[in-house]
Each structure stands twice: as C-alpha cells, then as structure tokens.
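Structural overview for review
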Amino acid sequence: MKKISYIVLLLIISLLSCKGQNKNAMQNHKYTNDLINETSPYLLQHAHNPVDWKAWNDETLEKAKADKKLILISVGYSACHWCHVMERESFEDSLVADVMNKHFVNIKVDREERPDVDQAYMNAVQLMTGRGGWPLNVVALPDGRPVWGGTYFPKDQWISILEQITKLYSNEPDKLYQQADNVEKGLKSLDMVELNTDAPEFEREFIETAVKKWSTLFDNSLGGLNRAPKFMMPNNYHFLLRYAYQNNDQKLLDYVNTTLTKMAYGGVFDQIGGGFSRYSVDAKWHVPHFEKMLYDNGQLVSLYADAYLITKNELYKDIVEETLKYVERDMTTDEGAFYSSLDADSDNAEGELEEGAFYVWNKEELQSLLSDDFELFSDYYNINSYGLWEHGNYVLIRKDDDAAIIKKHNISKEVLNKKIDSWKHMLLEVRNKRPKPRLDDKTLASWNGLMLKGYADAYRVFEKQEYLDIAIKNASFIIDNMMKEDGGLYHTYKAGESKFNGYLEDYVTVIDAFITLYENTLDTKWLNTARDLTNYTFDHFFDDQSNMFFFTSNEDASLVSRSIEYRDNVIPGSNSIMAKNLFKLGHYFDNEHFSKNAMTMLNNVKPEMQDYASGYSNWLDLMLNYTNPYYEVAIVGADARQKISELNRTYVPNKLIAGSISESDMPLLLNRYNPGNTLIYVCVNKACKLPVSEVTRAIEFLKE
C-alpha cells in the first residue's frame, strides 16, 4: 500500500512539474489566448496574438449572445500567405487588439478544419461584395448572422472599419439588423437546388455546345485559360481529356496536352523536389503562389496518369513519380495518413518570413554549386530573363523539351538524364538545409480520399506495387482512425485524436477512392464500405426535396445557412462526386435507387451547365456516361488480377471493373465463375457479349 502511495505521489509531482513547465512556456509569450488549447496548426499560429481569439464552438457563440457583443469571425488556413500578412500587420498589433477585444467576440476559424463555417460566411461575403478569398473577415450579430465582410485589409483601414461598425451598432443597431435580415434571405436562396421535373435527356450535342462556349476562353499557346493568375483545375482537364479522346477531337487534345506540358515545365511544379503549388500568378505558369496543397497533388496525379495512358508521354510519367516521391517524403505520416499542406512562406537569409524563400535560387549560388554544369543547367531551367522572378531570384522553369536541349548541346539522352538526376539530388540536399516552410500536419478525410485515389490511379497505370501498398495503408488508416462507431466519418485527425463530424466532402471522396481501390484489388471490403458510407449519407445528408445532398449532416449544429455544394471548383463539388459514386454503385449492386438518384441529380444541374462549363466539368464527365456506351467489365477466374492489369494498359474511361478469383454473389459476378478458365464479360445496359478469355478481344468490344 505504501509502495502504491509512493508511486501516486511521484505521478502527482510529475504532473505538477509539467503544469509548471506549461505555465513557464506560456510566460515566455507576452500574450496567450484560448487557441492554445486547439490542435489546428493554423489556430495555434494565432495563440499568442494579443487579440483574445476564441475557437468556434457553442460556448463562444453563447458568450456573444449573453454579452450582446458583435462577433468578428476571421477565417484562414495554415498555408495562406495573406493570412500571415494580416496577422503580422494587425492581429499582432496591440492597438488593433484593443479595438477588437473591447467591442467584439473574436473567433478564429481554420477553413480546412471547419469548411462548413467557411462556406456559410464565404457565401455571405460573396453575396455582399461580389467576391471572396482568404483571409475571410466577417462581422456578425450576436446571433451569428453576418452584416459585413471582406478579405485582406491593411491595419489602418481595418481599424477604421471596425470603429465604424462599432459606432453603427451602438447608435443605429436597427440598420445592422436589417442588413442581417437581407443577407439571411439571400443565403437561403443561394446554393439551393430545385427538383427538375423535366424528363432527363442527356445528349452529345449538349456537351458539344458547352465545350464550344468554354473553348473561347482557352489559352492555346500557354495552356489553361487566357488570363492570370492560372489555377490548374485538375477536373477541368480530366473531363476535357476524356471528351477529346472519345470524340477524336485532335485540336482539343492538343490544347489539353499543351496545358499539361506547360504546367509540368512551369515553376508551379517544383522542379527540384516534385509536387505542385496551388496556382501561378502569371500566364506562363512560372511564379507560383508557393503553398503546396494535398488536394491539388492528389488530383493531378490521377490526371497525369490518365494522360500518360493516352499519350505515353514520358514527361507525364516523370511528373507522377516525382509528385508521389514528394508526397511520400514530405506529406505522409508513419501511420499512412497524409498531411494537409506546406506553407508558402519560410524564413529568408535575414530570418524574416518571405514567400517562396525555400524554393528560389540566385545565380551566384547556382554557379558555385553547379560549376562546369552551370551553362547546361541555366539553359535547361532558364537562369536568364525568362526565369528571373524578382530581387535577383530565379524560379526554375523549363521552356524547351529534352530533345531540343540534347540537339543544342550535342549530348546523349542518357547523359542529360544523369545530369538532371544529379542536379536535383544535389540541389534538394542544399535546399533542405534552409528553414523549411511550416507544415500543416492535420489529416483531413476528404483530402486523404483524393490522394488515396491518386495513388490507386498511379498503380492502375504504372503497375508499381508500392503505389498500391501506400493506397491500402491509407485506406486502412481511414477505417481504423477516422470512422465513427455509427459508421460515419470524422473530418480531421491529429496526434491520435479524430474530431469534427464529417462533411459531405469527406464521404464522397472516400467513397470514390474506395471504389477505385476495389477495382485495383478486387477486395470487396472496399466496395462494401463504399456502399455502407453511401447509405449513411442518405440517412444524414439527403435533401428529399431536391434529391441532392446537404454539405452538413443533420446531426450538426445549424449555421446561418445549410447549403448544397454542387458547383465544381479546384475540387469538384461534393454533389457531383456523389452523383458519380451513385452511378457506379448502382451498377455494382444493381441498385435502382442509386442509379435513379444519380440521374436526377444530373438533371437538376443540367440547366446551369452550358453557360459556365468549367464550373460543371465533373457533371459533364458524368453526362458522358449517358451519352456514350458505358461498359460493365466482369472478369472472373484465377487469372482475374493479371487480366485486369493487362486491360488497364488501355485508356477506357467509360467502364467499371468487377472481378473475382472465386465464386461471388455480387450481381455482376453471380454464376460466372469457371474454375477451369478466366473469362471476361463485357456488358452494356444489361446486355452482354459472349465471354472471352483474351484481353485483346475484350478491348475490341470496348471500342465498338
């Protein structure tokens, strides 16, 4: 008994010591606010601001109501450059903090952690101002209804705005309440979808018209759209790639390949370490906004893999390999989860945060490092006026293909490849000695779904077992750590803790990834889990008025609006991904409810699609499944996996694959197992060709 008491005493002393250490750690900072208790890297970045930041939670919202104070909601994310600028200029300033703390309940929100809050207030700001972005700053009444909003503001302007709003709330509060009523009415009509009672009619001419209108915006010489900045928009080009291929549209295919090549050559792709930044600030894809987001890289891996399958362009293969090396090296945990992002900013030589400091080079440094190779290197990566950014710094960018460099410098392809590998290895080592950009080390279910699909697609095309192993490990991580007891998903995970009820984006991307994983493994666990998660979304997200899905669960606390996200953006709209999932799962499980709902969802959105096709590219991709034959390919027998690998070497986007090496009760496989032979069944609209054993013969069926 005395021994146990002694151990307990030691534990108490240890805990008190840790408590004292935490207190001392806090005392090293002049200010510490409530965000010190959060796990989000973005929120923790603001934990020592003089602003009395609170996290978004019921307690904070109730405090605003009880104190009858205006709420100031500031939304950003860890890798956001202008979020950091506004923090340095305003939120770290004690005079600004005095104004904010006196008159507002101040709430900091990580948009990646709480996309529901971000979406609700972003919609409000876009409604009030016609534009949005991050940092997103909103003033709301004590009941949470927004009355004013904007993005980045310099310090003096920020103080002036807050003082004006405070004065108005004190002297003429009715004006703010009237504004809140108007915004609330607008939000209720925004992103709501009406059930389209017209009979569904999906025709090739409809898609052709949409693409024709869209093509007037194309930059046919530099790729992307004819403007700057340029976002990569992976789903846009995935759809256009498929559409061009299936319609033998060489001009459009050339445009897509120009875009993919210019992005791969540009500074927007990290030429030394692999992976893509979020967007390019210029028209030639040269100078990126240096933040690297997981969601871009996951989707771009899938895109470049399919583009390689069509073109066999080795550049595209290199891009996939280098991007996945970057993800494995810098964005993957030991558990198999993927981190969220790398910051745009890092410390420069003077110890000050600077955008791109980690990635850029000056001429003298490169000359010293490369010695005799500098001339060839500078020609390859344009250490000249074409590659110069600012302040004597260069962002590496390619202009010519390898063949042109080989011819100009009279060297062999083998020698050039060895030199490129050597340059990248050496410069990566040098670069890694610099202060690194901050890592947002939280795991998001939705973005992990996109990256998981990227790995599975890379395996499908390149047949590297390591890609499939990483995909399976990540999928297992999601099931083991981000799935709730009731069968739903959590949104975030960090340091052993999963939290926040999953949003529709989490379900749809994970479902899509699990379907893809099934097609590459034939392990029905992934397909059945995809079906179960789909049933869960019907229970908790479905809007029976429109047959669409809300972004938030019916178990979540209500916000100023409950929106239906359906327009495609840098990430496709969650409803468009869901509709494609339902289309596939309807085939797999012979589920008429899934199939009809997919068709209804597409029909609901159809009236908007032609006028702004780039915002509906994933819906247009789904429409191709109805306007072209859609094949069910069932492969059953001992050699099913080998035949699937062989089949996957041909680009056939209008197919799904079901397979088994033994008896199966799946509708597409039932009674098709033959122990003496591996047979391939190709079916369209429940009508099947005679089974064949040769993959080449099956491919002929798929091209008829």
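The coordinates are above.
Described below are features of the structure shown in this document. (Residues numbered from 1 in each chain as written. Predicted model: local features only at pLDDT ≥ 70, side-chain atom pairs only at ≥ 80, totals over all residues. Heavy atoms only, no water.)

With that settled, the discussion passes to the state of the cysteines. In a disulfide, the sulfur atoms of two cysteines are held together by a covalent bond. Going through the model one piece at a time under the given rule, you end up with two disulfides. Covalently, Cys683 is tied to Cys688 through a disulfide, its sulfur atoms 2.0 Å apart. Between Cys683 and Cys688, the S-S torsion sits near 100 degrees, and that sign places the bridge as right-handed. By relative accessible area, Cys683 is classed as buried at 2%. Under the relative-accessibility criterion, Cys688 is labelled partly exposed at 40%. Counting only the cysteines that take part in disulfides, in the order they occur along the protein chain, gives the pairing 1-2, 3-4. (Disulfide = S-S within 2.5 Å. Buried < 20%, exposed > 50% of the residue type's maximum accessible area, 1.4 Å probe, protein only.)

The next thing to look at is helix 4 (residues 81–91). Burial of helix 4 is extensive: eight of the eleven residues sit out of reach of the surface. Among all positions of helix 4, only His81, Cys83, His84, Val85, Met86, Glu87, Ser90 and Phe91 are buried. (Helix = DSSP H or I, 4+ residues; strand = E, 2+ residues; numbered from the N terminus.)

What follows is about the pairing of strand 2 (residues 70–76). Taking burial as the measure, the seven residues of strand 2 include seven buried ones, the bulk of the element. Where burial is concerned, the two faces of strand 2 agree: the one with Leu70, Leu72, Ser74 and Gly76 and the one with Ile71, Ile73 and Val75 are both buried. By the bridge criterion, seven bridges tie strand 2 to strand 3 (residues 104–110) in an arrangement that is parallel. From the neighbouring strand, Ser74 faces strand 3, where its bridge partner is Lys108. Relative to strand 4 (residues 136–140), strand 2 runs antiparallel, the two being bridged by five bridges. The residue bridging Ile73 from the neighbouring strand is Val138, located in strand 4. (Pairing = 2+ DSSP bridges.)

With that settled, consider the packing of helix 19 (residues 465–481) against helix 20 (residues 504–521). Working note: a packed helix pair is described by the angle between its axes plus the distance between those axes. The interhelical angle for the contact between helix 19 and helix 20, taken along N-to-C directions, is 135 degrees, at an axis separation of 11 Å. The pairing of helix 19 with helix 20 is recorded here as oblique in orientation. Of the two possible hands of crossing, helix 19 and helix 20 adopt the one that is left-handed. Contacts between helix 19 and helix 20 pair Leu468, Ala471, Ile472, Ala475, Ile478 and Ile479 from the former with Val510, Phe514, Leu517, Asn520 and Thr521 from the latter. Looking at the contact of helix 19 with helix 20 residue by residue, the class counts come to nine nonpolar, two polar and no charged. (Axes fitted to C-alpha atoms, helices over the stretch in contact; angles between N-to-C directions. Parallel < 35°, antiparallel > 145°, perpendicular 65-115°, else oblique. Left-handed = near helix turned anticlockwise from the far one by under 90°. Contact = heavy atoms within 4.5 Å. Nonpolar A, V, L, I, M, F, W, Y, C, P; charged D, E, K, R; others polar.)

Let us now look at the packing of aromatic side chains. Considering all chains together, one arrives at 43 aromatic pairs under this definition. Both rings, one in Tyr237 and one in Tyr255, keep their centres 6.2 Å apart while their planes meet at 50 degrees; by these two values the pair is tilted. One end of the pair, Tyr237, is in helix 10 (residues 234–246); the other, Tyr255, is in helix 11 (residues 250–265), with 18 residues separating them in the sequence. Clustering of aromatic rings is evident, with ring pairs tying together Trp214, Phe218, Tyr237, Phe239, Tyr243 and Tyr255. A cation over a ring is seen here: Arg111 above Tyr77, with NZ or CZ 5.6 Å from the ring centre. (Phe/Tyr/Trp six-rings, centres within 6.5 Å; stacked < 30°, edge-to-face > 60°. Lys NZ or Arg CZ within 6 Å of the ring centre and 35° of its normal.)

Strands belonging to one sheet form pairs held by backbone hydrogen bonds; the direction of such a pair is parallel or antiparallel. Strand order in the open sheet made by the three strands is 16-17-18, with antiparallel pairing throughout. Edge positions in the open sheet fall to strand 16 (443–444) and strand 18 (497–501), since each of these has one partner strand only. As defined by bridge partners, strand 17 (residues 490–494) adjoins strand 18 across four bridges and the pair is classed as antiparallel. Looking at the pairing, Tyr490 lines up with Asn501 of strand 18.

What follows concerns the side chain of Lys292. Mapped onto the elements, Lys292 comes out in strand 9 (residues 292–293). Of note is the side chain of Lys292, whose polar atom sits 2.8 Å from the side chain of Asp270. Look past the residues within four positions of Lys292 in its chain and what remains in contact with it is Asp270, Gly274, Gly275, Phe276, Ser277, Tyr326, Ser340, Ser341, Leu342 and Tyr359. (Polar contact = N/O pair within 3.5 Å; in protein donor to acceptor, adjacent residues only side chain to side chain.)

Looking at the secondary structure, you find Gly487 in the loop between helix 19 and strand 17. Residues Gly487 and Tyr380, spaced 107 residues apart in sequence, show a C-alpha to C-alpha distance of 52 Å. Sequence-distant contacts of Gly487, defined by excluding residues within four places in its chain, comprise Leu533 and Tyr536.

This part takes up unusual backbone geometry. The residue after Trp134, namely Pro135, is reached through a cis peptide bond having omega 5 degrees. Following the sequence through the fold, Pro135 ends up in the loop between helix 6 (115–129) and strand 4. A cis amide bond, omega 0 degrees, links Ala228 with the succeeding residue Pro229. Look at Leu522: it is not a glycine, yet its phi comes out positive at around 65 degrees.

This next bit is on helix 10. Its 13 residues give helix 10 an end-to-end C-alpha distance of 18 Å, which sits within 8% of 18 Å, the value for a rise of 1.5 Å per residue. For helix 10, a buried count of eleven out of 13 residues is recorded, marking the element as mostly surrounded by other parts of the structure. Regarding helix 10, the residues found buried are Pro234, Asn235, Asn236, Tyr237, Phe239, Leu240, Leu241, Arg242, Tyr243, Ala244 and Gln246. The elements touched by buried residues of helix 10 are helix 9 (204–215), helix 11, helix 12 (294–311) and helix 24 (617–627). The positive-phi residue at the C-terminal boundary of helix 10 is Asn248, with phi of around 50 degrees. (Expected span 1.5 Å × (residues − 1).)

Here four strands make up an open sheet; going across it, the order is 22-21-23-24 and the pairing mixed. Only two strands of the sheet have a single neighbouring strand rather than two, namely strand 22 (655–660) and strand 24 (687–688). Pairing of strand 21 (residues 631–636) with strand 23 (residues 679–684), which is carried by six bridges, proceeds in the antiparallel orientation. Residue pairing across strands places Glu632 opposite Cys683, the latter belonging to strand 23. Strands strand 21 and strand 22 of the sheet are contacted by helix 22 (residues 574–588), whose axis makes an angle of about 40 degrees with strand 22.

Taken as a whole and judged by the stated rule, the model has 40 salt bridges. Between Arg145 and Asp143 there is a salt bridge, with its nearest N and O atoms 3.0 Å apart. It is possible to trace a salt-bridge network through shared partners that takes in Asp306, Lys453, Asp457, Arg460 and Asp512. (Salt bridge = Lys/Arg side-chain N within 4 Å of Asp/Glu carboxyl O.)

Among the structural elements, Gln119 can be located in helix 6. With residues near it in sequence (within four places) discarded, Gln119 still touches Phe551, Ser563 and Glu565.

Between helix 10 and helix 24, whose axes approach to 8 Å, the crossing angle comes to 30 degrees. Here helix 10 is positioned roughly parallel relative to helix 24, judged by the angle of their axes. In terms of crossing hand, the pair formed by helix 10 and helix 24 is left-handed. Across the interface between the two elements, Asn235, Asn236, Phe239, Arg242, Tyr243 and Gln246 of helix 10 pack against Ser617, Asn618, Leu620, Asp621, Leu624 and Asn625 of helix 24. Its residues assigned to classes, the contact of helix 10 with helix 24 shows four nonpolar, six polar and two charged.

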